[in-house]
Amino acid sequence: MAPSFEFPETLRGLEDDTQDNRLFARHPIDIASLPPSQLDDLVKGISFDLSDKELFCIEEQDVFDRVYSLVRGYSRLPATCKLNLVESLRSNLSVLLPNVDSLSRASSQSQEDATPVLDRVASHRNAFKIYTFFLLTVVLNEEVTISSNNNMKVTASTRKKQPKNSWNWEPQRGRILNLIANSLEIKLALLFGPTGLEENYISFIAKNAFSLFEYATVLKDSDTKDALCRIIGACATKYQYMAQSCASIMHLVHKYDFVVTHIADAVAGAEKKYADGSLANSLIREIGRTNPKDYIKDTVGAENVGRLLVELSDRLPKLMSVNIGLLVPHFGGESYKIRNALVGVLGKLVAKAFKDAEGEVNSKSVRLRTKQAMLEILLERCRDVSAYTRSRVLQIWAELCEEHCVSIGLWNELAEVAAGRLEDKTAMVRKSALNLLIMMLQHNPFGPQLRIASFEATLQQYKKKLKELEPDTPSENDMNRLPSFNNTSGNNEVDDVTAGLNKVQLDSLPDSCLPEMEEDLIQKDGSVPDVGNLEQTRALVASLEAGLRFSKCISATIPTLAQLMASSSATDVENTINLLMRCRQFHIDSSEACLHKMFPLVFSQDKSIYEAVENAFITIYIKKNPVEVAKNLINLAIESNIGDLAALEYIVGALVSKGNISSGAISALWDFFCFNISGTTAVQSCGALSILCMASKSSSTVLSSHLQDIIDIGFGCWAKIEPLLARTACIALQRLSEDDRKKLLLSNGSRVFGILESLVTGFWLSENIWYAAADKAIAAVYTIHPTPETFAANLVKKSLRSVFDCSGGEELQNEIGSGSVGILATVQVERLGRYLFVVSHVAMNQLLYIESCLQKVRKQKVGKEKMNYDFQQANGAMPADSSKEIGINAELGLTASEDAILDTLSDKAEKEIIGGGSLERNLIGHCAPFLSKLCRNFSLMQKYQELQVSAMLALCRFMIIDANFCDTNLQLLFTVVESAPSEIVRSNCTICLGDLAVRFPNLLEPWTENMYSRLKDPSVSVRKNAVLVLSHLILNDMMKVKGYINEMAIRLEDEDERISNLAKLFFNELSKKGSNPIYNLLPDILGKLSNQNLKRESFCNIMQFLIGSIKKDKQMESLVEKLCNRFSGVTDVRQWEYISYCLSQLAFTEKGMKKLMESFKTYEHVLSEDSVMDHFKSIINKGKKYAKPELKLCIEEFEDKLNKFHLEKKEQEVTAKNAQIHQQKIDSMEDFVVTRNAGEVNIESDIDEDGEVIDPCNEGMTNSVNETSKTARVESQEHSVVSNDLSESEPDDTEIQSPNVVSRGDLKAGSKTSNMKDRKSHLSASSRRNTRSKQR
């Protein structure tokens, strides 16, 4: 009988002779010394012996030594030798396993002669262990070799090709490990006896299996991974190798993230195969016993453990639900990753652990209570301190809603929580909340339409029905209860509250449990169908109440969603748009109006935001049939304001260029414009033409086919019904292409210009629309007329004649100049206003026309030069003298002189618009003096405020055109903008100031302060325009940020929300310029705001916002030093509080904290104030939170120092105050004694100036000068009664003292001594003791 084989600790342990009759390698062969031929012969010999001899031949010493030698030198073997050796060992083990069953039969048949059978069992056991040992050793060695080779390849500079003699190892590895896994699943008790398997055997297999788990490449092979999972499951569960397996698994999980899912598969596989969850239970207990603080440091381990728990919950939900109590305490730990995992675990359990409806009633109720407790924990976690956990739990809720695992009883509570999380400070939480609300709307159990009014009407009807069915008057609690919403069971946790209803079929909706009740349940006669008995009616009423509450909750989020669309986070905007689209789909109130607010986002520079808006626009308005698309676009054009129209024009142009708006939709728009569709109104016709004008910017052919219709309809009888139609037709004329313009002039030129002239000079349009129409009509004249200046001159003359004849012009000017207002009684104010508008608008368009002509000339010049150059290049090389001449002209500046001549001509033409020559004025120039005098006649302007609007608008336009006219009337403009009673005038002038600052910056520069003063205007519209104008000028570098920027900062707290938002937008954009100008402006803003009468809350909000826009650490550190230095030059307590507040809002880095400590001398004198000290404590608390241990120690020392100085300063203040009060008492007493009779020596009563009587027997109060003087000198060293008397004061800190008997000399001596002492020192030990006595 061969010696027994025992598993060694290492492979080379087989060479040790233990002298205990164990099998070991007596004569190993050195493989490295053998030549390849001998090595090949050796392997072939072993393969022959293993295949030719019995399976037990591996026990023979010679065979064992040779196999051991080959396994020891396995890495040196060629590929063919490796394959032969492994295949021989594997095939023998595979044949050996079935023989184990034959042993049981042999033992039952040969009971009489047991010795041979025992020998055969021992041989089987020996061979089994030897084959297993060598095969697992080969597998592990091969994986180590492959891993080391891979590491060498990664570090190498070039990738080496795989050797030619390499062999395909993966199939062999999988077969070997599956064979070993099979060996563990047979009845090994036949080999190892009733005592069980040897511990060394199980330990060796489990150790190697866990070692193989460390290689990610091994686990990628499904056969290998399945075999390893089976091995681990068998070792831990079948053979009770539990404790060691749990330890190894936890080690793997903490160290390698890729093993988590495979470990979960192994654990779940063991539970399924052996119906024993002990391995899973042990792991859960191990995780539950772990100290939560351990996961704070090991973040990777915490994440892997969390993933393992979630995977186990997915695979073994029932088992996890039983053990969840072990894990709940970890919700109190500081590791958010563990809390995230536990939230995921609860989500999996709620969805999967309570599905079966089998079991007793008691067990079902227990399960339901457990599930309800889990849901309550999930609701509570929505308010977790960690944003990651809050986000994760909202994602879990979304998954539960998708799987219909949320009961109606919790539905509204969850909706309210999600709505609250929309205002979370973290973007990812807001994103999860938005997605949750989207999912709740999609899978809501109340119906596909959630209009509040419809729900209320239906609910009212069924409440009446319920009252009719109830025999007695029900209590309010019975009416409002939800009868079955918390009794959830089965796969769908939302109970069908309308089950059994005969007249309303509810099963056809995939995402809803209730039908479209608002329209279906109310019949034509106002009654509702009978849904069944009393209980069913109650259930329906309760469900309608829940649906109404849900609809109101979603509707209440619309204002928050409107704010989120202005968020700086792209994910906020994208998900908000998606939610609003879903709200619109379910007819949530106000969702359509809120969606319109997304239009301005098409101008966003963030591509993802623009794409989200474009996709939403296409989904809502474009993905329809052509007529519906046309209707949608027309309605948008009609309902949109000016800003939305600009955004609509941009997106329509983009969609037309991309082809999203089809030709069919364009044809439908023309049908609406031409009234070809029945029921079309004039307003719709105008809207259709407006959309067509937008589309023409991207496709010039859109308008070419309907030129005649534009003229006939746009300026025809329909224009009197819809005034905007004429204005829109003028815009269409401007959008015509060059060819269309020529075609129009040839066919209908005179008619078109006649219409435009009548529109401008006629009175067939109402006053409120005429100005907008005349604006576009004059612009159209300058766009399509060949000589627009001549036509415009006729317009001005006709408009002038409509006001007064030419002979009365001089008289009117004189009357206006003299301040008389009587002459206007004969002149219509409306016509004068129209004339001023026409003349000023013609002047403005003439300026634009001059600039466009200049651009055309330059463009033609460049094109001509390019054509000449190309021609010369085509005909051959340019002559040498020609190129030389060009070079000389360039050096002499002759080429540039041509541009200068053009600029001179342009300037001259611009000046002639208003100024003209020195001797004569042109048509518009004659109006300028009249206009100036008119605007200066303030009494006239106050009488006719409508005229002042037109006059000041015309004056502003003239000032924009001519610099001299601007300089002359600038004082007048600022006077009007500050004192005009009409806010329209002030708003127009404020906008004009922005244009003037762009055109004549040098003229406006001295008036910068006056421009900033518009931010304080009482009118909301003026302030809003001032913010817009100044934002435009500053952000485009047209105006320097001067010392008045604090006025803009105050607008951050403006009472009007839009102005406040505009100011925030300005500072956000300003912070992106260069190195953030706000950093340099902040100290100046702080100083000026501190001196203004601002509410403390407003100041704090302003500074918090401004400081929040500073992100760079260096700037933060520098601000610490700057703010600390401001303490030195400030004596006002209020400013100390403000500076310290600003310091507390900074994000302190390590350097920042050190600078704060180093600057202690600059602010030590302010530490006596409690409010200042509170801000410094806030700084210290923030610094401690994320500080390193060394810095944390310094911060704690600094905190002690601050507290010490604070107490000392408080004592000094109290002492100084007491000394001052004492001095005042002494002085007042001296004055009192001087007025007394000089002969009086004793004073009977001791009454001080406040009237309080003091006991005359007080010790220490003497009558002599010497004792009084002595008391004053030793006051800082002794407990004198006088000092004690000084410390006893009234609650208002006014101290009272009445000496017993004093003479004039005594009083003077005491006063003198006290004054000397006060000058020497304000701080005495006695005073401090008195202060403490007072506090007691």
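The sections below set out a description of the structure shown in this document.

The rules we used
Residues numbered from 1 in each chain as written. Predicted model: local features only at pLDDT ≥ 70, side-chain atom pairs only at ≥ 80, totals over all residues. Heavy atoms only, no water. Axes fitted to C-alpha atoms, helices over the stretch in contact; angles between N-to-C directions. Helix = DSSP H or I, 4+ residues; strand = E, 2+ residues; numbered from the N terminus. Parallel < 35°, antiparallel > 145°, perpendicular 65-115°, else oblique. Contact = heavy atoms within 4.5 Å. Nonpolar A, V, L, I, M, F, W, Y, C, P; charged D, E, K, R; others polar. Phe/Tyr/Trp six-rings, centres within 6.5 Å; stacked < 30°, edge-to-face > 60°. Buried < 20%, exposed > 50% of the residue type's maximum accessible area, 1.4 Å probe, protein only. Left-handed = near helix turned anticlockwise from the far one by under 90°. Expected span 1.5 Å × (residues − 1). 1 Å grid on protein atoms, 1.4 Å probe; cavity = no way out; pocket = protein on both sides within 12 Å on 5 of 7 lines; lining within 4 Å. Points joined across faces, edges and corners; volume = space filled by probe spheres on them. Disulfide = S-S within 2.5 Å. Core = buried A, V, L, I, M, F, W, Y, C linked by side-chain atoms within 4.5 Å.

Observations concerning the packing of helix α50 (residues 1020-1035) against helix α52 (residues 1057-1071)
Link 1 in the chain: Remark: α50 packs on α52, axes separated minimally by 10 Å, with the N-to-C direction vectors making an angle of 10°. One element, α50, and the other, α52, form an angle in the roughly parallel class. Of α52, the residues touching α50 (which contributes Val 1020, Arg 1023, Lys 1024, Val 1027, Leu 1028, Ser 1031, Ile 1034 and Leu 1035) are Arg 1058, Ile 1059, Leu 1062, Ala 1063, Phe 1066, Glu 1069 and Leu 1070.
Link 2 in the chain: A per-class count over the contact of α50 with α52 returns 10 nonpolar, 1 polar and 4 charged.

Thoughts on the packing of aromatic side chains
Link 1 in the chain: One pass over the structure, following the stated rule, counts 37 aromatic pairs.
Link 2 in the chain: Relative to Tyr 1044, the ring of Tyr 1012 lies with its centre 5.7 Å away and its plane at 45°, an arrangement referred to as tilted. Taken together, the residues Tyr 1012 in helix α49 (residues 1008-1013) and Tyr 1044 in the loop between α50 and α51 (1045-1050) connect sequence positions 32 residues apart.
Link 3 in the chain: According to the relative accessible area criterion, Tyr 1012 is buried, its value standing at 1%.

Topic: the packing of helix α33 (residues 707-714) against helix α36 (residues 738-761)
Link 1 in the chain: Interhelical geometry of α33 versus α36 gives an angle of 10° and a closest axis separation of 10 Å. The angle between α33 and α36 places the two elements in the roughly parallel class. Here α33 and α36 pass one another in a crossing that is right-handed. Contacts between α33 and α36 pair Leu 707, Gln 708, Ile 711 and Asp 712 from the former with Asp 740, Lys 743, Leu 744, Asn 748, Arg 751, Val 752 and Ile 755 from the latter.
Link 2 in the chain: Classifying every residue of the contact of α33 with α36 gives 5 nonpolar, 2 polar and 4 charged.

Looking at helix α9 (residues 222-238)
Residues separated by three or four positions in an α-helix point in the same direction, a consequence of the helix having 3.6 residues per turn.
Link 1 in the chain: If you check α9, its first and last C-alpha atoms are 23 Å apart, about what 17 residues at 1.5 Å a residue would give, namely 24 Å.
Link 2 in the chain: The element α9 is extensively covered by neighbouring structure, given that 12 of its 17 residues are classed as buried.
Link 3 in the chain: For α9, the secondary structure elements touched by its buried residues are α5 (169-185), α7 (199-212), α8 (216-220), α10 (242-255), α11 (260-274) and α12 (278-289).
Link 4 in the chain: One or two residues past the end of α9 sits Gln 240, with phi positive at roughly 60°.

Regarding unusual backbone geometry
Across the chain, the bulk of peptide bonds are trans and the bulk of non-glycine residues have phi less than zero.
Link 1 in the chain: The backbone phi angle of His 587 is positive, close to 60°, even though this residue is not glycine.
Link 2 in the chain: Locating His 587 in the fold gives a position in the loop between α26 (570-585) and α27 (591-595).
Link 3 in the chain: Judged by its relative accessible area of 31%, His 587 falls in the partly exposed class.
Link 4 in the chain: Positive phi is not limited to glycine here, since Ser 590 has a value of about 70°.
Link 5 in the chain: Its location among the elements puts Ser 590 in the loop between α26 and α27.
Link 6 in the chain: You can call Ser 590 partly exposed: its relative accessible area is 49%.

Thoughts on empty space enclosed by the protein
Link 1 in the chain: What the rule picks out here adds up to 5 cavities of 30 Å³ or more.
Link 2 in the chain: A volume near 50 Å³ is recorded for the second largest cavity.
Link 3 in the chain: Considering the residues around the second largest cavity, the lining is formed by Val 760, Thr 761, Phe 763, Trp 770, Lys 798, Ser 799, Ser 802, Arg 834 and Tyr 835.
Link 4 in the chain: Of all the secondary-structure elements, those providing two or more residues to the lining of the second largest cavity are α36, α38 (788-803) and α40 (829-874).
Link 5 in the chain: Tallying contributions element by element places α38 first for the lining of the second largest cavity, with 3 residues.
Link 6 in the chain: Residue composition of the lining of the second largest cavity, grouped by class: 4 nonpolar, 3 polar and 2 charged.

Some words on the layout of surface pockets
Link 1 in the chain: Empty space within the second largest pocket amounts to approximately 1300 Å³.
Link 2 in the chain: Ile 642, Leu 724, Arg 727, Asp 775 and Lys 776 are the residues nearest the centre of the second largest pocket, which is lined by 36 residues in total.
Link 3 in the chain: Of all the elements in the fold, those that place two or more residues in the lining of the second largest pocket are α29 (626-639), α30 (642-658), α32 (682-696), α35 (724-734), α37 (767-784), α40 and α45 (945-961).
Link 4 in the chain: In terms of residue class, the lining of the second largest pocket is made up of 17 nonpolar, 9 polar and 10 charged.

Side note on the state of the cysteines
Link 1 in the chain: One pass over the structure, following the stated rule, counts 0 disulfides.
Link 2 in the chain: Cysteine Cys 927 is unpaired, with the sulfur of Cys 935 as its nearest cysteine sulfur at 9.6 Å.
Link 3 in the chain: Taking the relative accessible area as the measure of exposure, Cys 927 reaches 3% and is therefore buried.

Comments concerning the environment of Ala 777
Link 1 in the chain: Considering the arrangement of structural elements, one finds Ala 777 in helix α37.
Link 2 in the chain: Among residues more than four places away in sequence, those in contact with Ala 777 are Cys 730, Leu 756, Leu 759 and Val 760.

Considerations on the nonpolar core
Link 1 in the chain: Counting residues in each nonpolar core, the largest one holds 385 residues, and the members touching the most others are Phe 134, Trp 397, Leu 836, Met 1103, Leu 1143 and Tyr 1163.
Link 2 in the chain: For this core, the element with the highest residue contribution is α40, accounting for 13 residues.
Link 3 in the chain: Once residues within four sequence positions are removed from consideration, Met 1103 is found in contact with Leu 1082, Ile 1085, Leu 1086, Leu 1089, Tyr 1141 and Cys 1142.

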